[in-house]
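# A closer look at the structure
One letter stands for each residue in the lines below.
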Amino acid sequence: MSERASPALQRLVLGVGYRGQAYQGWQSQAGRNTVQDHLEAALSSFAAMPVRTVCAGRTDAGVHALNQVVHADITVERPAASWVRGTNRFLPADIAVQWCRTTTPAFHARFSALGRRYVYLILQAPTRPALEVGSVGWCFRPLNGDAMRNAAARLQGEHDFSAFRSSQCQAASPVKTIRSIAIHQRGAYWRFEFDASAFLHHMVRNIMGCLVAVGTGAKPAGWLDDVLASRRRELAAPTFSAAGLYFVGPYYDAVHDIPIHTPAMDWLP
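Here's what I pulled together on the structure shown here. (Residues numbered from 1 in each chain as written. Predicted model: local features only at pLDDT ≥ 70, side-chain atom pairs only at ≥ 80, totals over all residues. Heavy atoms only, no water.)

## Describing the overall build of the chain
Where we set the bar: Strands here are runs of E lasting at least two residues and helices are runs of H or I lasting at least four, both read from the DSSP assignment and numbered beginning at the N terminus. What the globule rule says is 2.2 Å times the number of residues to the power 0.38, and the radius of gyration is computed from C-alpha atoms. Per-residue accessibility, obtained with a 1.4 Å probe over protein chains only, is compared with the maximum for each type, and a residue is labelled buried under 20%, exposed over 50%, and partly exposed between these values. Residue contacts are defined here by distance: any two heavy atoms, one from each residue, within 4.5 Å place the two residues in contact. Per-residue and other accessible areas follow the Shrake-Rupley method at a 1.4 Å probe size, with only the shown protein chains counted as cover for residues.
Per the secondary structure count, the chain includes 6 helices and 10 strands. In summary, the chain has a C-alpha radius of gyration of 20 Å against a globular reference of 18 Å for 269 residues, a match within 12%. For the chain, the C-alpha atoms occupy an extent of roughly 80 × 40 × 35 Å along the three principal directions. Within the chain, buried positions represent 51% of all 269 residues. A fraction of 70% describes how many contacts in the chain between residues 6 or more apart in sequence connect residues 24 or more apart. Approximately 12900 Å² of the chain is accessible, and the part contributed by carbon and sulfur atoms is 52%.

This is how it looks when you write it as structure tokens:
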């Protein structure tokens, strides 16, 4: 009597959106209150088997994500729409799977990424945010857009970003390539868009602290040249709040057919 063949292993790819305010970041921790913990528990419940995930980019406590891409290897075969709806049944209201694909083991959520994008939102107003609390950073002083764009341009390209790196950063190298930093104003809201090959731990928030220092006139734009060249974290501005930071998501070679847009991207100011 022949043995029954083992179920085929397939690589599942998911796009996940979440509001990070209630969680200790992405990566699983002992407290079990991270986005990864909740997602893996939901996937395991729906699949009726243990499921472990790999993400495109780990986010810190309080940081949001619009299109966090994760992959998981599973032996359960279900339609893509079922994975979305079924997993979401077991997730908290502020975490949701947006889409699902199956792919080959050649795809890796982290290592296949060509780049990653972040957006930071700031409310510039005399009083702190109320309705937007947790969703935007806040600056009560006027911001000079031209000065901030001048400063941001000095950071574009390939550099050693040690001055903008957290002491807890585990990246093998501080050398990264920032492809663009775009700064736009819409009423009282400022939107900062970052596109890079990869980011160091706290890199965007540390850059934001410096850009705001320049925008408020506390520092000149040329100060960023000195900070960058120094490679010393203590010479840069304090780390800015996590509240207004959104991981827009990674992007890949078109051959992988990974979505890079979700409805939440149209919601941001």
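Moving on, there is more to tell.
## Digging into the packing of helix H1 (residues 35-47) against helix H2 (residues 80-88)
To keep things clear, this is the line we draw: Note on geometry: axes are lines fitted to C-alpha atoms, helical ones only across the stretch in contact, with angles between N-to-C directions running from 0 to 180 degrees. Each angle is binned into one of four classes, with values under 35 degrees roughly parallel, values over 145 roughly antiparallel, values of 65 to 115 roughly perpendicular, and all other values oblique. A crossing counts as left-handed when the near helix is turned anticlockwise from the far one by less than a right angle, and as right-handed when that turn is clockwise. Gly is placed with the polar residues, together with every amino acid not listed as nonpolar (Ala, Val, Leu, Ile, Met, Phe, Trp, Tyr, Cys and Pro) or charged (Asp, Glu, Lys and Arg).
One way to put it is that H1 packs onto H2 with a least axis distance of 8 Å and a crossing angle of 115°. Compared by their axis directions, H1 and H2 come out roughly perpendicular. Once H1 is placed against H2, the crossing between them reads as right-handed. Packed against H1, whose contacting residues are Leu 39, Ala 42, Leu 43, Phe 46 and Ala 47, the element H2 presents Ser 82, Trp 83, Gly 86 and Thr 87 at the interface. Class assignment of the residues belonging to the contact of H1 with H2 gives a composition of 6 nonpolar, 3 polar and no charged.

## Structural notes on H2
Along H2, the residues that are buried comprise Trp 83, Val 84, Gly 86 and Thr 87. Looking at the buried side of H2, the elements it contacts are strand S1 (10-18), H1, strand S3 (64-74) and strand S4 (95-103).

## What about the pairing of S1?
Put simply, the test is: Strand pairing is assigned whenever DSSP detects at least two bridges linking the two strands.
Counting buried residues in S1 gives 9 out of 9 residues, a clear majority hidden from the surface. What you see with S1 is no split at all: Gln 10, Leu 12, Leu 14, Val 16 and Tyr 18 on one side and Arg 11, Val 13, Gly 15 and Gly 17 on the other are buried throughout. Where S1 and S3 come together, 8 bridges link them in antiparallel fashion. Across the sheet, Tyr 18 pairs through a bridge with Ala 65, a residue of S3. The sheet contact formed by S1 and S4 spans 8 bridges and is antiparallel. The residue bridging Leu 12 from the neighbouring strand is Thr 102, located in S4.

## With respect to the packing of helix H3 (residues 145-153) against helix H4 (residues 203-215)
Two elements in contact, H3 and H4, have axes whose closest approach is 8 Å; the angle formed by their N-to-C orientations is 140°. Classified by the interaxial angle, the pair formed by H3 and H4 is oblique. Judged by the twist between their axes, the crossing of H3 over H4 is right-handed. Of the residues in H4, those touching H3 at Ala 147, Met 148, Ala 151 and Ala 152 are Leu 211, Val 214 and Gly 215. Looking at the contact of H3 with H4 residue by residue, the classes come out as 6 nonpolar, 1 polar and no charged.

## Quick look at the pattern of salt bridges
As a working rule, side chains carrying opposite charge can pair if their charged atoms are close by. Let me state the cut-off plainly: We define a salt bridge as a side-chain nitrogen of Lys or Arg found within 4 Å of a carboxyl oxygen belonging to Asp or Glu.
Evaluated as defined, the whole model comprises 10 salt bridges. A salt bridge links Glu 193 to Arg 191; its shortest N-O distance comes to 2.8 Å.

## Re the packing of aromatic side chains
When we look at a pair of aromatic rings, we describe it by the centre distance and by the angle of the planes. We apply this condition: In summary, the pairing rule links any two rings of Phe, Tyr or Trp, Trp by its six-membered ring, whose centres are within 6.5 Å, and it sorts them by plane angle into stacked for under 30 degrees, edge-to-face for over 60 and tilted for everything else.
Taken as a whole, this structure holds 8 aromatic pairs when the rule is applied. One aromatic cluster in this structure is built from Tyr 118, Phe 199 and Phe 247.

## Section: the side chain of Gln 10
Note the following rule: Polar contacts here mean pairs of N or O atoms no more than 3.5 Å apart (in protein, one a potential hydrogen donor and the other a potential acceptor; neighbouring residues in sequence count only if both atoms are side-chain atoms).
With respect to the helices and strands, the residue Gln 10 is situated in strand S1. A distance of 2.8 Å separates the side chain of Gln 10 from the backbone oxygen of Val 76, its partner in a polar contact.

## Some points on H4
Threshold: How far a helix is expected to stretch is found by multiplying one less than its residue total by 1.5 Å.
Taking 1.5 Å of rise per residue, 13 residues should cover 18 Å, and H4 covers 18 Å from first to last C-alpha, within 8% of that figure. Burial analysis of H4 places 13 of its 13 residues in the buried class, which makes it a mostly covered element. Note on H4: the residue one or two positions beyond its end, Gly 217, has a positive phi of about 90°.

## A look at the state of the cysteines
Under the convention used in this document: Two cysteine sulfurs form a disulfide in these notes if their separation is within 2.5 Å.
Applying the stated rule across the entire model yields 0 disulfides. Free of any disulfide, Cys 55 has its nearest neighbouring cysteine sulfur in Cys 169, separated by 14 Å. For Cys 55, a relative accessible area of 10% gives the class buried. Here Cys 100 stays free of any disulfide, with the sulfur of Cys 55 as its closest cysteine sulfur at 17 Å.

## Re the nonpolar core
Put simply, the rule is: Buried residues of nine kinds, namely Ala, Val, Leu, Ile, Met, Phe, Trp, Tyr and Cys, make up a nonpolar core once their side-chain atoms join them within 4.5 Å.
In this structure, Trp 83, Ile 122, Leu 155, Phe 164, Phe 192, Phe 194 and Met 208 are the most contacted members of the largest nonpolar core, which totals 68 residues. Sort the elements by how many residues they give to this core and H4 lands first, with 9 residues. Contact partners of Phe 194, with chain neighbours within four places excluded, come to Arg 116, Arg 117, Tyr 118, Ser 180, Ile 181, Phe 199, Val 204, Ile 207, Met 208 and Leu 211. With 10 residues, the next largest nonpolar core counts Val 119, Leu 123, Ala 125 and Val 248 among its residues.

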